[in-house]
Amino acid sequence: HKPQRIYSNYKPGSVGDRIAQDFVAQGFSGQTPIVDDDLTTVYAVPREIDPASLKTTIEFRDGWDKREDTQRWARSPATLYAISPTARQATLRITPAALHVPEATDGIGEVGRLTITANGESQTVDIRTDQPVDVPITLRPGGQDISLALEAGNFKPTDYGTPDPRTLSFAIRSIDLLTEGR
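Since we're looking at a predicted model, the values are computed, not measured. (Residues numbered from 1 in each chain as written. Predicted model: local features only at pLDDT ≥ 70, side-chain atom pairs only at ≥ 80, totals over all residues. Heavy atoms only, no water.)

Taken as a whole and assessed by the stated rule, the structure comprises 6 aromatic pairs. When the ring of Phe 23 is compared with that of Phe 28, the centres are 6.1 Å apart and the planes differ by 75°; the resulting orientation is edge-to-face. Ring geometry for Phe 155 and Tyr 160: centres 5.8 Å apart, planes at 80°, overall edge-to-face. A connected cluster of aromatic rings, assembled from ring pairs, spans Phe 23, Phe 28 and Tyr 43. Lying across the ring of Tyr 81, Arg 61 places its NZ or CZ 3.9 Å from the centre. (Phe/Tyr/Trp six-rings, centres within 6.5 Å; stacked < 30°, edge-to-face > 60°. Lys NZ or Arg CZ within 6 Å of the ring centre and 35° of its normal.)

Further remarks concern the pattern of salt bridges. Taken as a whole, this structure holds 11 salt bridges when the rule is applied. When the shortest N-O distance is used, the salt bridge between Arg 166 and Asp 65 registers 2.9 Å. With a gap of 101 residues between them, Arg 166 in the loop between strand 11 (142-150) and strand 12 (170-179) and Asp 65 in the loop between strand 3 (57-60) and strand 4 (72-74) connect regions that are remote in the sequence. Its salt-bridge partner being Asp 134, residue Arg 93 comes within 2.7 Å of it at the nearest N-O pair. Taken together, the residues span a long stretch of sequence, with Arg 93 in strand 6 (residues 88-100) and Asp 134 in strand 10 (residues 133-139) at a distance of 41 residues. (Salt bridge = Lys/Arg side-chain N within 4 Å of Asp/Glu carboxyl O. Helix = DSSP H or I, 4+ residues; strand = E, 2+ residues; numbered from the N terminus.)

Moving on to the sheet that holds strand 3. Read across the sheet, 5 strands follow the order 3-5-11-8-9 without closing on themselves; strand pairing throughout is antiparallel. Taken across any chain shown, the strands that pair with only one partner, and hence form the sheet edges, are strand 3 and strand 9 (121-128). Shown here is a sheet whose adjacent strand axes are inclined to one another by a mean of 25°, direction ignored. With 4 bridges connecting them, strand 3 and strand 5 (residues 78-84) associate as antiparallel partners. In the strand pairing of strand 5, Phe 60 is matched with Leu 80. (Pairing = 2+ DSSP bridges. Axes fitted to C-alpha atoms, helices over the stretch in contact; angles between N-to-C directions.)

Once that is clear, we can look at unusual backbone geometry. Pro 77 follows Ser 76 through a cis peptide bond whose omega is -10°. In this structure, Asp 130 is a non-glycine residue whose phi angle is positive, near 65°. Counting through the fold element by element, Asp 130 comes out in the loop between strand 9 and strand 10. On the basis of relative accessible area, Asp 130 is assigned to the partly exposed category, the value being 40%. (Buried < 20%, exposed > 50% of the residue type's maximum accessible area, 1.4 Å probe, protein only.)

Tracing the backbone through its elements, the reader meets Asn 154 in the loop between strand 11 and strand 12. When the C-alpha positions of Asn 154 and Thr 40 are compared, they lie 43 Å apart, and in sequence the two are 114 residues distant. Ignoring anything within four residues of it in the chain, the contact list for Asn 154 reads Arg 75, Ser 76, His 100, Thr 167, Leu 168 and Ser 169. Polar side-chain contacts of Asn 154 include one of 2.7 Å to the backbone nitrogen of Ser 76. (Contact = heavy atoms within 4.5 Å. Polar contact = N/O pair within 3.5 Å; in protein donor to acceptor, adjacent residues only side chain to side chain.)

Spatial relationships are all this shows, so hold off on functional conclusions.
Below is the structure:
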């Protein structure tokens, strides 16, 4: 299916459109579509595709705000969605930008504890702003949610005297899913 301007979540240039383009480039490189019209492009599917040749991908799901200049705020728990073609070990590399610290005068501090849950396994790690932390996780084949929750929970900046009405917990500078191979 091709993205359309009338679709709310699948517009030309959207994340879904880019993922679809990557998938087609990876799975059907050099192949001519058997149907290509305004709404769909159809390729013949080979009898077998080696799952190990496909990429592992990750995307933001629930609890994330739009990216700002150097960070993206989230509410706890925030979820990521990972798709892995095979079972594999991976590393989630998280670089925090800001953390809710209830004792801070503005509600924001530099040190906290983050719980990461993937496939029923949880681990809590100490985090510090602008310091990357590597968290080993196990991915199963297919799609799965990964949850991130700051121990201090959520806050409203308005409770600390600023006009921002959002509910926030932590902000990240970057988050990467590292796997061997793809």
